[in-house]
Amino acid sequence: MDGGAGGGGGAGPEGALHRAGARAGEALGLVVLPGAGVGLAAPGGALPLAGDPAALVAHLEELLHPRWTWWSAAGTAGPLVAAGVHLARCHDVAAAHRLLAGGGRDDPGAAWAAAHGLPEPAAPAPGRAAAHGTGLLDLDGALEGGSGPLERDGRLAAGWVDGRALGPEVEPAERLRRAARWAELALRTAAAQRRALEGAADPRPRPAPPALALQTAWSESAAALLAVELEVTGLPVDRAVAEAVVAAEVGPRPRGPAGEEAARAARDAPVHALLGPVDLRNPAAVLAALRGLGFDLPDTRAWRLERLLGAHPAVEALLRWRRAERTATTYGYAWLERHVGADGRLRGAWSASDGGAGRMTAQAGLHSLPAELRPAVAAEPGHALVRADLGQVEPRVLAAVSGDAALAAAAREEDLYAPVAAALGVDRPTAKVAVLAAMYGQTSGAAGEALRRMERAYPVALAFLRAAEEDGRAGRDVRTWGGRRVRTGGGREARPDPPEEVLAARGRFARNAVVQGAAAELFKAWAATVRAGLAGAGAGGRVVLCLHDELLLHVPQRGAGAAADLLRSALADAARRWAGERVRFVADVAVVRRWSEAK
């Protein structure tokens, strides 16, 4: 390991780190320059290190067990994860900023400004990636003006935010020094964020555990790192089975444009035979054709058509066509070629937090694989898939975050809806409608009557939801149980006198966000705990899919039982930290060969 460029001479990097105030278990700023080295920052100063980034970081992980602190895992951790380096703990500045500030900005300029009480700068120019810590950026153009990272007004200089300051055209030693300085600024931002998180409080009384916002920031940071790992690791796919599924839906692989056109015509033919030569890819034309058959429909959504099955052969033919068309255009042969690698892994980019409730999302179809393709998701030889699905998670979350003792008592049961049904004096399906109506703000029909019963049985939970809805209608931002700020659309750019439908939509959004957002926080705390447990087991198991309330692990066969136990114990541990002992959270866990085998 080369300790050059400030590595501390013969004492190696350990001596320099000691002089910089680095201590075991504490925060250590990190910027990775692939192929060049790393920039490190400890409380006492910055340290540039030349050499192989993976070897340097792996050594320091073993030596110090730090909380790695970076602008973004998405821009820092990829080369390390690809090299097999496991990083146990981190503080992700972008993730913490999303938690504290809400909205869609998480670039260094916005995070630095918010952490230091400065006005939010303009977003990075289109076509330039924000410099979250990697050298793989859009680096066209030289750095203008001075080389310092701060402007006179205290905000970050644009050339540092967009990556030009760390470009490969910079002299190597200077580039490493700048990387260390950039790591130092990330460390300073993280320290300011931590102070804000430790002081974060909801002015409305609630039974949240102490310091929950900081715990949430740690799990959100771990989720951001897990998102990088998910993209690098990929989801194991049996390509032969996947191609057989596609072939069953759309026929054999077409050859060239003429073959694709012929396959398209073959998919259309059964529907054309019943509806005539309608443009099936034009919803208005399909709607007009259905109306010609006597079906007065407002749209052609699948659930509406499913209600009409048996009424006319064209309906079944149209639904079959839609499934085949989706497979051909979204999950067909081209999709397999584009996203499934030679190693049989399906890969796509992951995000640790969407712009609304904070759920993890993915590209390349990973979050919307049709059920027909689940048999193709299969464990590799000598391995097993271990799948866990949270049960009735949102109503259980509502019980925790609202502090409703009666609903919390119901949530201690294996099936929450059974005691709710008894309390409401209704059957179980109606009880489920009542709970969903409460969380989603439905007020009409059977949902309205169910909601009135909920008001009487669980007044504290319903008051909590109404308060969130009122905040949303008034344009006031809300915060989740874990401290995430959720913007409701009532900022300065909003219309001064919005119509009632806009106010109602804001209210419903806020009402649902305080539950769905909290559920996403619990899920990520669980996923982070499972990730840590798998690493501690040292058996090579990995999280390979995070799907809403579902975790999928790929583990050696001999460790499948231990992985199943880990999923259960990690849920209990995460839930205890997140909500105490009042509410029980449950998961259905199964060890399977193929994802489709899990029920």
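Rules and cut-offs
- Residues numbered from 1 in each chain as written.
- Predicted model: local features only at pLDDT ≥ 70, side-chain atom pairs only at ≥ 80, totals over all residues.
- Heavy atoms only, no water.
- Helix = DSSP H or I, 4+ residues; strand = E, 2+ residues; numbered from the N terminus.
- Rg over C-alpha atoms; globule rule 2.2 N^0.38 Å.
- Buried < 20%, exposed > 50% of the residue type's maximum accessible area, 1.4 Å probe, protein only.
- Contact = heavy atoms within 4.5 Å.
- Areas by Shrake-Rupley, 256 points an atom, 1.4 Å probe, with all protein chains shown as cover.
- pLDDT = per-residue confidence, 0-100.
- Salt bridge = Lys/Arg side-chain N within 4 Å of Asp/Glu carboxyl O.
- Phe/Tyr/Trp six-rings, centres within 6.5 Å; stacked < 30°, edge-to-face > 60°.
- Disulfide = S-S within 2.5 Å.
- Domains from an automatic or database assignment.
- Core = buried A, V, L, I, M, F, W, Y, C linked by side-chain atoms within 4.5 Å.
- 1 Å grid on protein atoms, 1.4 Å probe; cavity = no way out; pocket = protein on both sides within 12 Å on 5 of 7 lines; lining within 4 Å.
- Points joined across faces, edges and corners; volume = space filled by probe spheres on them.
- Expected span 1.5 Å × (residues − 1).
- Pairing = 2+ DSSP bridges.
- Axes fitted to C-alpha atoms, helices over the stretch in contact; angles between N-to-C directions.
- Parallel < 35°, antiparallel > 145°, perpendicular 65-115°, else oblique.
- Nonpolar A, V, L, I, M, F, W, Y, C, P; charged D, E, K, R; others polar.

Enquirer: How should the overall build of the protein chain be read in this particular structure?
Expert: The number of helices and strands found in the protein chain is 23 helices and 15 strands. In terms of overall size, the protein chain behaves like a compact globule, its C-alpha atoms giving a radius of gyration of 27 Å where 599 residues would be expected to give roughly 25 Å. Projected onto its principal axes, the C-alpha coordinates of the protein chain cover approximately 85 × 65 × 55 Å. Expressed as a percentage of its 599 residues, the buried residues of the protein chain come to 51%. Put simply, of all contacts in the protein chain between residues at least 6 apart along the chain, 65% involve residues at least 24 apart. For the protein chain, the accessible area works out to roughly 25,400 Å², and carbon and sulfur atoms hold 53% of it.

Enquirer: Which parts of the structure should I look at to understand the confidence of the model for the protein chain?
Expert: In regions of low pLDDT, the predicted coordinates are not meant to be interpreted in detail. Considering every residue of the protein chain, the mean pLDDT works out to 89; 90% of them sit at 70 or more. Low pLDDT (under 50) marks residues 1-10, which in the prediction has 27 contacts with non-local residues, meaning those over four places away or in another chain. This stretch, residues 132-146, has a pLDDT under 50; its non-local contacts, to residues over four places away or in other chains, come to 42 contacts.

Enquirer: How do you make sense of the pattern of salt bridges when you look at a structure like this?
Expert: Side chains that differ in sign of charge can pair as their charged atoms come close. Within this structure, the stated rule accounts for 42 salt bridges. Between R267 and E325 there is a salt bridge, with its nearest N and O atoms 3.0 Å apart. Residue R267 is located in helix 11 (residues 256-275), and its partner E325 is located in helix 14 (residues 313-329); the two are separated by 58 residues in the primary sequence. Residue class for R267 comes out buried when judged on its relative accessible area of 15%. Classification of E325 as buried rests on a relative accessible area of 10%. Notably, a salt bridge pairs R428 with D415, separated by 2.9 Å at the nearest N-O pair.

Enquirer: What is the right way to look at the packing of aromatic side chains in this model?
Expert: Remark: the centre distance and the inter-plane angle together describe each pair of aromatic rings, the angle taken between the planes. Considering all chains together, one arrives at six aromatic pairs under this definition. An angle of 45° between the planes, with centres 5.8 Å apart, marks the rings of W160 and W182 as tilted. On the criterion of sequence distance, the pair formed by W160 in helix 7 (residues 158-161) and W182 in helix 8 (residues 172-199) is long-range, its members being 22 residues apart. Residue W182 is classed as buried on the basis of its relative accessible area of 0%.

Enquirer: Honestly, the state of the cysteines in this entry has me stumped. Any pointers?
Expert: One way to say it: the disulfide is the covalent bond shared by the sulfur atoms of two cysteines. Per the stated rule, a full pass over the model turns up zero disulfides. For C90, which is in no disulfide, the shortest distance to another cysteine sulfur is to C546 and amounts to 14 Å. What makes C90 buried here is its relative accessible area of 4%. Among the residues examined, C546 registers a relative accessible area of 1% and is labelled buried.

Enquirer: Would you take a moment to explain the domain arrangement of the protein chain for this structure?
Expert: Many descriptions give the size of an interface as the accessible area lost when the pieces come together. Each domain of the protein chain was delimited in the assignment, giving domain 1 (14-199), domain 2 (240-339), domain 3 (346-393 + 520-597) and domain 4 (394-519). The C-alpha-based centres of domain 1 and domain 2 are spaced at 49 Å.

Enquirer: In this structure, what is going on with the nonpolar core? I would like to understand it.
Expert: Soluble, globular proteins show a tendency: their nonpolar side chains are buried together. Judged by nonpolar contacts, the single largest core of 102 residues is most densely connected at V397, V420, W526, V530 and W578. Take this core: its biggest share by element is 13 residues, from helix 22 (residues 500-537). Other than its neighbours up to four places away in sequence, V420 contacts L407, A410, A431, V435, M454 and Y458. Residues A20, A73, V85 and L225 belong to the second largest nonpolar core, which totals 31 residues.

Enquirer: Which parts of the structure should I look at to understand the layout of surface pockets?
Expert: A probe as big as a water molecule, rolled over the atoms, marks out the empty space that is left. Taken as a whole, the largest pocket encloses approximately 440 Å³ of empty space. Contributing to the lining of the largest pocket are 21 residues, with W218, S219, A222, A528 and R577 lying nearest its centre. Counting residues per element, the ones that place at least two in the lining of the largest pocket are strand 5 (89-92), helix 9 (212-233), helix 22 and helix 23 (560-579). Broken down by element, the residue count for the lining of the largest pocket peaks at eight residues, all from helix 9.

Enquirer: Would you explain helix 14 in this entry?
Expert: Turn by turn, an α-helix covers 3.6 residues, leaving residues three or four places apart pointing in a common direction. The terminal C-alpha atoms of helix 14 lie 24 Å apart, and with 17 residues this matches the ideal 24 Å at 1.5 Å per residue to within 8%. Three or more residues of helix 14 are buried, namely A314, V315, A317, L318, L319, W321, A324, E325 and T327.

Enquirer: How do you make sense of unusual backbone geometry when you look at a structure like this?
Expert: If a residue is not glycine, its phi is most likely negative; likewise, a peptide bond is most likely trans. You will see that A364, though not glycine, has its phi angle at about 65°, which is positive. With respect to the helices, strands and loops of the structure, A364 is situated in the loop between strand 9 (361-362) and strand 10 (383-391). For H548, which is not glycine, the phi dihedral falls at a positive 60°. Examined against the element boundaries, H548 turns out to sit in the loop between strand 13 (542-547) and strand 14 (550-556).

Enquirer: Sorry, what's going on with the environment of A183 here?
Expert: Summarising the element assignment, A183 is placed in helix 8. The spacing of A183 and V31 is 152 residues in sequence and 5.4 Å in space, taken between C-alpha atoms. Ignoring sequence-local partners within four residues, the contact set of A183 consists of G29, L30, V31, G39, L40 and A41.

Enquirer: Teacher, can you tell me more about the sheet that holds strand 14 here?
Expert: The strands making up a sheet are joined through hydrogen bonds of the backbone, oriented either antiparallel or parallel. Taking strand neighbours across the sheet as the criterion, the four strands line up as 13-14-10-15 in an open arrangement whose pairing is antiparallel. A single partner strand is all that each edge strand has here, and the edge strands are strand 13 and strand 15 (586-592). Shown here is a sheet whose adjacent strand axes are inclined to one another by a mean of 20°, direction ignored. In terms of strand pairing, strand 10 meets strand 14 through seven bridges, oriented antiparallel. Note on strand 14: the bridge partner recorded for A384 is V555. Lying on the sheet, helix 22 is in contact with strand 10, strand 13, strand 14 and strand 15; it crosses strand 14 at an angle near 5°.

Enquirer: For this particular structure, what's the right way to read the packing of helix 18 (residues 417-424) against helix 19 (residues 428-440)?
Expert: If you want to describe how two helices pack, look at the angle between their axes and the distance between the axes. The geometry of helix 18 relative to helix 19 is characterised by a closest axis approach of 8 Å and an angle of 95° between their N-to-C directions. It follows that helix 18 is roughly perpendicular to helix 19 by the angle criterion. Where helix 18 approaches helix 19, its residues Y417, V420, A421 and L424 are matched on the opposing element by R428, A431, K432, A434 and V435. Of the residues belonging to the contact of helix 18 with helix 19, the class tally is seven nonpolar, no polar and two charged.

Enquirer: Could you clarify how one ought to interpret the sheet that holds strand 5 in this entry?
Expert: Pairing is mixed across the open sheet formed by five strands, whose spatial order is 3-2-1-4-5. The open sheet has two edge strands, strand 3 (45-50) and strand 5, and neither has a second partner. In this sheet, adjacent strand axes meet at a mean angle of 30° when their direction is disregarded. With three bridges joining them, strand 1 (residues 27-33) and strand 4 (residues 67-70) adopt parallel strand pairing. In the strand pairing of strand 4, G29 is matched with T69. Together, strand 1, strand 2 (37-42), strand 3, strand 4 and strand 5 form the strand contacts of helix 8, whose direction differs from that of strand 2 by roughly 40°. Along the sheet, helix 9 makes contact with strand 4 and strand 5, crossing strand 5 at roughly 100°.

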